[in-house]
Amino acid sequence: MQDPRFDYLLRLGDNALVLSQRLSEWVGKGPAIEEDMALSNTALDLIGQARLWLTLAGEIEGETGVAKRDEDALAYLRDAHQFRNLLLVERPNGSYAETLMRQFLFDAGHHLLLEGLVASTDARIAEIAAKALKEVSYHLRRSADLVVRLGDGTAESHKRMQAALDELWMYTGEMFTADAVDDAMAAQYGTPVAASLRAPWLALVGRTLATATLRMPDPEAWMQKGGKQGRHSEHLGYLLAEMQFLQRAYPGQRW
Amino acid sequence: MVSITRPATADLWSWLAAVEDPEIPVISIVDLGIVRDLRWDDATCVVTVTPTYSGCPATHVISQSIVDALHGHGVEDVRIETRIAPPWTTDWMSDAGKQALRDYGIAPPLQRAQTIAVADIGRGAPAAAPDIACPRCASTAVELVSQFGSTPCKALYRCKACREPFDHFKCH
């Protein structure tokens with residue numbers, strides 16, 4: 001098996017990259033200017049984190065003796081099946097309720113994962129995680145706050161937030177389902193055991209949803225999986241077609 | 001002509017202290033706390049920079065400004081090194097920098113940056129931090145309008161005394 005860090009770093013980088021691209025779709029048409037700015041700033045943090053993770057993935061690829069790819073090659077020149085992001089982050093934006101609920105469910109898992117990665121024995125991973133964690137705790141604070149305000153808001157906002165939660169729930173299990181890459185990383189580089197993040201995630205999410213007067217779906221419900229291994233929904237292809245258009249149509253083009 | 005005399009380190013720092021942040025041109029990159037180290041590697045002046053936010057679009061401009069400033073003072077060979085650990089924090093901002101922000105109309109970060117306790121997340125709207133004061137009238141009767149402002153490092157507040165909105169440079 002190749003160095004597990006390469007796939008693992010692609011997962012971290014692709015989550016940030018794909019979610020950033022999704023949030024960027026809102027730019028200029030957010031429901032209020034404050035929300036427009038918040039989404040674009042969150043997208044900016046995530047694109048910055050994606051660059052750090054993908055650059056490191058490329059360096060590690062180079063260390064294994066394969067031709068090293070830089071952040072741009074990894075972002076723009078891979079096809080959907082080579083992406084390693086969670087299915088959750090490629091979900092379409094839908095209504096603002098779905099965008100916010102997706103953000104909250106992801107932020108909660110992202111925050112817990114980064115907290116664990118700060119203790120990784122790979123210094124480069126730990127350093128990026130420490131930097132990203134500061135930004136993501138702000139993301140989580142904001143998305144949790146909005147889930148509470150809209151969940152415990154009007155009858156209409158409550159209904160939409162509950163529907164978004166029910167719709168997205170089956171995409172959350174993947175965060176806590178380990179495969180050989182996760183296991184190898186935990187054993188060799190002290191990264192969090194995926195399943196160990198589930199209880200704190202359920203506690204954090206459950207507490208927020210309770211405050212928001214939203215009903216938490218069954219944690220034992222059947223869950224989708226496959227994104228981390230490159231088996232994606234049809235939505236990712238459309239997202240990449242837009243994101244990668246320039247480099248595909250004009251290879252090597254630079255600003 | 002190739003200069004073989006190295007300028008004094010104090011001079012280098014003073015030259016960099018004149019380089020402004022491109023987004024907030026009243027604070028220098030030294031007062032912002034992002035220049036972490038200056039050293040010589042043979043004839044190359046190595047400047048170590050710690051970026052603020054991962055995605056801050058000013059990072060590239062800042063690096064170029066550093067190179068330009070040093071070139072302007074005759075330092076031919078400059079290399080920028082990026083260091084991300086420990087991560088940048090507003091605790092590194094100088095008092096002069098904070099005062100410059102206030103004079104410009106931005107409430108500076110006064111609290112020590114701290115990690116938000118996960119246990120406190122999801123318990124409703126966060127209260128305004130007690131030491132954010134309106135940069136115009138100094139009232140502490142302020143309320144949060146938006147958790148993000150015109151740049152990633154700022155949030156938008158409103159003063160309930162003088163009714164003016166203002167930016168707050170977030171504790172980070």
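Residues numbered from 1 in each chain as written. Chains lettered and ligands numbered in written order. Predicted model: local features only at pLDDT ≥ 70, side-chain atom pairs only at ≥ 80, totals over all residues. Heavy atoms only, no water.

> What is the right way to read the overall build of chain B from this model?
Helices and strands together make up the secondary structure of chain B, namely 3 helices and 7 strands. Beginning at the N terminus, the succession of helices and strands in chain B can be written as α-β-β-α-β-α-β-β-β-β. Within chain B, the proportion of its 172 residues that are buried is 45%. Once local pairs closer than 6 in sequence are excluded, the contacts in chain B between residues at least 24 apart make up 53%. Summed over all atoms, the accessible surface of chain B reaches about 8,300 Å², with 49% contributed by carbon and sulfur. (Helix = DSSP H or I, 4+ residues; strand = E, 2+ residues; numbered from the N terminus. Buried < 20%, exposed > 50% of the residue type's maximum accessible area, 1.4 Å probe, protein only. Contact = heavy atoms within 4.5 Å. Areas by Shrake-Rupley, 256 points an atom, 1.4 Å probe, with all protein chains shown as cover.)

> Could you clarify how one ought to interpret the overall build of chain A in this entry?
Counting its secondary structure elements, chain A contains 11 helices and 0 strands. Sequence-ordered secondary structure for chain A, helices as α and strands as β, is α-α-α-α-α-α-α-α-α-α-α. Radius of gyration (C-alpha) of chain A: 18 Å, near the 18 Å computed for a compact globule of 255 residues. For chain A, the spread of C-alpha atoms along the three principal axes comes to 60 × 40 × 30 Å. Counting across all 255 residues of chain A, residues that qualify as buried make up 55%. Considering only contacts in chain A between residues 6 or more positions apart, those separated by 24 or more positions represent 80%. (Rg over C-alpha atoms; globule rule 2.2 N^0.38 Å.)

> Help me out: how do you make sense of the environment of B:S54 in this one?
On the secondary structure map, B:S54 appears in the loop between β2 (44–49) and α2 (58–72). Using a relative accessible area of 17% as the deciding quantity, one classes B:S54 as buried. Spatially, the C-alpha atom of B:S54 lies 9.8 Å from that of B:P87, the residues being 33 residues apart in sequence. Not counting chain neighbours up to four residues away, the residues in contact with B:S54 comprise A:D45, A:G48, A:Q49, A:L52, A:K131 and A:E135.

> I would appreciate a short explanation of the pattern of salt bridges in the present structure.
Residue and element names in this part refer to chain B. Tallied over the entire structure, the rule returns 26 salt bridges over all chains. Put simply, D37 and R39 hold a salt bridge, and the shortest N to O gap is 3.9 Å. Look at R39 and you get partly exposed, because its relative accessible area is 33%. When salt bridges with common partners are traced through the structure, they connect D37, R39, D41, R79 and E81 into a single cluster. (Salt bridge = Lys/Arg side-chain N within 4 Å of Asp/Glu carboxyl O.)

> I'm lost on the packing of helix α2 (residues 33–63) of chain A against helix α5 (residues 96–117) of chain A in this one. Help?
Between two packed helices, the angle of one axis relative to the other and the distance separating the axes together describe the packing. All names here are of chain A. Axis separation between α2 and α5 bottoms out at 13 Å; the angle between their running directions is 35°. In this structure, the crossing between α2 and α5 has a hand that is left-handed. Between α2 and α5, the residues in contact are E35, L39, T42, L46, Q49 and W53 and Y96, T99, Q103, H110, L114 and L117, respectively. A per-class count over the contact of α2 with α5 returns 6 nonpolar, 5 polar and 1 charged. (Axes fitted to C-alpha atoms, helices over the stretch in contact; angles between N-to-C directions. Left-handed = near helix turned anticlockwise from the far one by under 90°. Nonpolar A, V, L, I, M, F, W, Y, C, P; charged D, E, K, R; others polar.)

> Quick question: what am I supposed to make of the sheet that holds strand β3 (residues 78–82) of chain B here?
The strands making up a sheet associate through backbone hydrogen bonding, with each pair oriented either parallel or antiparallel. Residue and element names in this part refer to chain B. Across the sheet, which stays open at both edges, the 3 strands sit in the order β1-β2-β3 with mixed pairing between neighbours. The strands lining the two open edges of the sheet, one partner per strand, are β1 (35–41) and β3. Geometrically, the sheet is characterised by an average inter-axis angle of 20° between neighbouring strands, direction not taken into account. Here helix α1 (residues 9–16) sits on the sheet and contacts β1 and β2; the angle it forms with β1, its principal contact strand, is near 135°. Seen against the sheet, α2 touches β2 and β3 and runs at an angle of roughly 150° to β3. (Pairing = 2+ DSSP bridges.)

> Explain a nonpolar patch on the surface to me, please; I cannot follow it from the model alone.
Together, A:F245, A:L246 and A:Y250 make up an exposed nonpolar region whose accessible area comes to about 320 Å². If you trace the backbone, A:F245 turns up in helix α11 (residues 245–249). (Patch = residues over 30% accessible without salt bridge, like charges linked within 9 Å, V, L, I, M, F, W, Y side chains within 5 Å.)

> I would appreciate a short explanation of the interface of chain B and chain A in the present structure.
By a widely used convention, the size of an interface equals the accessible area lost when the partners come together. Contact residues are listed per partner, giving 31 residues for chain B and 31 residues for chain A. Interface of chain B and chain A: buried area, both sides summed, is about 2,800 Å²; carbon and sulfur atoms make up 66% of it. Counting the contacts that link chain B with chain A gives 0 salt bridges. On inspection of chain B and its partner chain A, the count reaches 7 residue pairs in polar contact (both at pLDDT 80 or more). Taken together, the residues of the side of chain B that touches chain A break down into 17 nonpolar, 12 polar and 2 charged. (Buried area = accessible area lost by both parts, 1.4 Å probe. Polar contact = N/O pair within 3.5 Å; in protein donor to acceptor, adjacent residues only side chain to side chain.)

> Mind showing me how you'd approach the packing of α5(A) against helix α7 (residues 155–168) of chain A here?
Residues and elements named next belong to chain A. With their axes 9 Å apart at the nearest point, α5 and α7 run at an angle of 55° to one another. Taken together, the axes of α5 and α7 are oblique relative to one another. Handedness of the crossing formed by α5 with α7: right-handed. Contacts from A97, E98, L100, M101, R102 and L105 in α5 reach R160, M161, A164, L165 and L168 in α7. For the contact of α5 with α7, the class distribution of residues is 8 nonpolar, no polar and 3 charged. (Parallel < 35°, antiparallel > 145°, perpendicular 65-115°, else oblique.)

> I'm lost on unusual backbone geometry in this one. Help?
Negative phi values dominate among residues other than glycine, just as trans dominates among peptide bonds. All names here are of chain B. In this structure, P86 follows A85 across a cis peptide bond, with omega equal to -5°. Along the chain, P86 falls in the loop between β3 and α3 (95–104). Residue R163 is not a glycine yet carries a positive backbone phi of 70°. Assignment of secondary structure puts R163 in the loop between β6 (154–159) and β7 (165–169).

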